[in-house]
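# A structural walkthrough
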Amino acid sequence: MIDKTQIVKKNKIIFYLTYAILLAFIVFNYETVFAMLSDILSLATPFYIAIIIAFILNIPMRKIEHFYGKKIKRKGLKRGLSIATTLILAVILIILFSSFIIPRLGESIALIITNIFNYANRLVTMVNDALAHFKINYAINYDSIQETLTGLDLNHLLSQSGNILGNAGINLIFQSFGIFSVFINTITSFIMAIYLLANKETHLRQLKKVVTFLFGYYRSLVIFDIGAEANHYFNGFVSGQLLESCILMFLMYVGFRLTGLPFPELIAFIIGIASLIPMFGGYFGFAVGFILVLAVNSAQAIVFTICFVFIQQFEANLIYPRVVGGAVGISGLYVLLSLVIFGNLFGFFGLLIAVPSMALIYAVGSRVVNISLYRNHIEITDKTIKKFDK
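Residues numbered from 1 in each chain as written. Predicted model: local features only at pLDDT ≥ 70, side-chain atom pairs only at ≥ 80, totals over all residues. Heavy atoms only, no water.

Identification of the protein chain as AI-2E family transporter from Allocoprobacillus halotolerans is taken from an unreviewed UniProt entry. The heading Sequence similarities (unreviewed entry) in the UniProt record of the protein chain holds the text "Belongs to the autoinducer-2 exporter (AI-2E) (TC 2.A.86) family." The Subcellular location (unreviewed entry) field of the UniProt record for the protein chain holds the comment "Cell membrane". (UniProt positions renumbered as here; feature names shortened; annotations may be inferred.)

Here it is in structure tokens:
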């Protein structure tokens, strides 16, 4: 008779040997393996872009669909009108941005580049006067700065910036990746995003089936729970932070216009984009704006500071709590830690996703730790660690 126990043992040995060989191959050839995986994953790049587009468009679409749901009962008609309305609003925003903000940004940047020697000379003079006033035996050499600026070939940089801004960066992108490839990827990603939005319930159900098939019932419940939390944190943070950034940009622009500060569009745009990065972003935007204003008119730098502080405090105390609220809700220490880690890993994109990602990690980690402590009948307070009875 065939000994089934021996067969099972042999199969286990073969499995472990195969696993060890594969693991050793990956360890000793990790660069090749990672490069191969990267190439395979890059084949679906339009799909990843489509997911990002669909996620962003789904934020306003849900509210629009809820509004239409009060009067329209047919699900297909309601979904179609919601998608169409969302796309129309997105196109209007893009047209307004392209026709109003981009030309003004181009004018401001061109003016800065044209007068950069005068601005640099003025800043160096002010800094040297301040150092002399405080009797600090140091002075900045303007000649070395002028030599560095001259080496940048400002005329070429000006013409290039004008072309880039004038054509919304299309020429640069096309030269880098090819016209046909960019066009196809863009159209494909956009169409995929529309399909994802139109049938999002069906695609989510299919995803749940695959996850349950691969991981089983109980593990899939945990995965779905984590996914729901991730959606909560990213949805709340992205929607709130984007809206808050646009409001802050508008308030800064109005304030700078009313006070007659130079480069109001450019500085307001920089502050608005920088505000997407929690904690550090506001200070960075203020520093860049302060230097630009100081280079033009030192007296207006004081006006800029007062205007910035007033608007920033108004926005932080009245608008931000209502728009963003407690969607993330983690301490400042974890916010700083997330910015450092994700910023080093993924650059500027990492800074954008750092806070919601850390909130998700914190929530999942807390749940795992608390469940483990509860199962081991351990209770931890600020002062004591003790076991409790079942």
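Here the narrative resumes.
Next up on the list: a nonpolar patch on the surface. A surface patch of nonpolar side chains, amounting to about 760 Å² of accessible area, comprises Y334, L337, V340, I341, L345, F346, F349 and Y362. Following the sequence through the fold, Y334 ends up in helix α15 (residues 332-375). For Y334, a relative accessible area of 30% puts it in the partly exposed group. (Patch = residues over 30% accessible without salt bridge, like charges linked within 9 Å, V, L, I, M, F, W, Y side chains within 5 Å. Areas by Shrake-Rupley, 256 points an atom, 1.4 Å probe, with all protein chains shown as cover. Salt bridge = Lys/Arg side-chain N within 4 Å of Asp/Glu carboxyl O. Helix = DSSP H or I, 4+ residues; strand = E, 2+ residues; numbered from the N terminus. Buried < 20%, exposed > 50% of the residue type's maximum accessible area, 1.4 Å probe, protein only.)

For the rest of this paragraph, the subject is the packing of helix α11 (residues 217-258) against helix α12 (residues 264-274). Following both chains from N to C, one finds α11 and α12 inclined at 155°, their axes separated by 8 Å at the closest point. By the criterion of interaxial angle, the relationship of α11 to α12 is roughly antiparallel. As for the relative orientation of α11 and α12, their crossing is right-handed in sense. Note on element contacts: α12 touches α11 through P264, E265, I267, A268, F269, I271, G272 and I273, opposite S245, L248, M249, M252, Y253, F256 and R257. In terms of residue class, the contact of α11 with α12 is made up of 11 nonpolar, 2 polar and 2 charged. (Axes fitted to C-alpha atoms, helices over the stretch in contact; angles between N-to-C directions. Parallel < 35°, antiparallel > 145°, perpendicular 65-115°, else oblique. Left-handed = near helix turned anticlockwise from the far one by under 90°. Contact = heavy atoms within 4.5 Å. Nonpolar A, V, L, I, M, F, W, Y, C, P; charged D, E, K, R; others polar.)

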